[in-house]
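Report on the structure
What follows is each chain in one-letter form.
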Amino acid sequence: ELTRQSSSVQALEDELSSLRRSNTEMRNKRRMAEDSIPIHQAVANEKIAEVDEIQSRHVRNLPKIKRELSLHGLMTNIKWDYNQTSVLAGEISMPGRMVHKRFVIDKEDFGEFEIAERLWDLIDG
């Protein structure tokens, strides 16, 4: 009986020792994780600042972009249909020649040069 109790105590002591090692390892991991929080937070703050700067730059450029698109539309007589996202679509109006055409160009079927050529052909009438 004493031998059985003795081996039972030894097993419990081994388990206690294992749990203490595990506890120490977990504390070390927790300490390392807590130590790394300020570093990761600083990196995250830098990234947030970069995103804020990019958004601010876009907001500042928005009036310029709108003006340029408006001028482009006046020069080419193209009114783009921005609701069409998978194709280039819009209307070309040339009141002097009494021409009004709708167009749709599938971006998947043509390269950039070919799209530009088709648009110029439409503008030229």
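Quick look at the structure, then. On a predicted model such as this, the values are computed, not experimentally measured, just so you know. (Residues numbered from 1 in each chain as written. Predicted model: local features only at pLDDT ≥ 70, side-chain atom pairs only at ≥ 80, totals over all residues. Heavy atoms only, no water.)

Comments concerning the sheet that holds strand β2 (residues 87–94)
Ordered by their spatial adjacency, three strands build an open sheet running β1-β2-β3, and the pairing between neighbours is antiparallel. Both edges of this open sheet fall to β1 (78–80) and β3 (99–106), since each of them pairs with a single strand only. On average, each strand axis in the sheet is inclined to that of its neighbour by 25°, with strand direction left out of account. As defined by bridge partners, β1 adjoins β2 across three bridges and the pair is classed as antiparallel. Across the sheet, I78 pairs through a bridge with I92, a residue of β2. (Pairing = 2+ DSSP bridges. Helix = DSSP H or I, 4+ residues; strand = E, 2+ residues; numbered from the N terminus. Axes fitted to C-alpha atoms, helices over the stretch in contact; angles between N-to-C directions.)

Notes on helix α1 (residues 2–76)
Of all the bends in α1, the greatest, near 40°, is centred on N61, and the proline P63 appears no more than four residues after it. Count one or two residues on from α1 and you reach N77, which has phi positive near 65°. (Bend = angle between axes of the 7 residues up to and from the residue.)

Things to note about helix α2 (residues 112–124)
The end-to-end C-alpha distance of α2 is 18 Å, a good match for the 18 Å that 13 residues give at a rise of 1.5 Å each. Among the residues of α2, I115, L119, L122 and I123 are the ones counted as buried. Looking straight down α2, one finds its buried side chains confined to an arc of 100°; they lie on one side. For α2, the exposed residues set more than 90 degrees away from the buried face come down to F113 and D124. Where α2 is buried, its residues contact α1, β1, β2 and β3. (Expected span 1.5 Å × (residues − 1). Buried < 20%, exposed > 50% of the residue type's maximum accessible area, 1.4 Å probe, protein only. Arc of directions from axis to C-beta. Contact = heavy atoms within 4.5 Å.)

Let's talk about the environment of R118
Looking at the secondary structure, you find R118 in helix α2. A residue is classified by how much of its surface remains accessible, and R118, at 39% relative accessible area, is partly exposed. R118 sits 13 residues away from I105 along the chain, and the two C-alpha atoms are 8.4 Å apart. Apart from residues lying up to four places away in sequence, R118 is in contact with I105 and F110.

Concerning the side chain of T76
Take T76: it is sitting in helix α1. Classification of T76 by relative accessible area gives buried; the value is 8%. Here the side chain of T76 touches H72 through a polar contact of 2.8 Å, landing on its backbone oxygen. Apart from residues no more than four positions distant in its own chain, T76 is found in contact with I92 and I123. (Polar contact = N/O pair within 3.5 Å; in protein donor to acceptor, adjacent residues only side chain to side chain.)

With respect to the pairing of β2
Within β2, six of the eight residues are buried, which leaves the element mostly enclosed by the surrounding structure. The turn joining β1 and β2, which pair antiparallel and follow one another in sequence, is formed by six residues. Hairpin connection between β2 and β3: a loop of four residues separates the two successive antiparallel strands, and M98 in this loop has a positive phi of roughly 55°.

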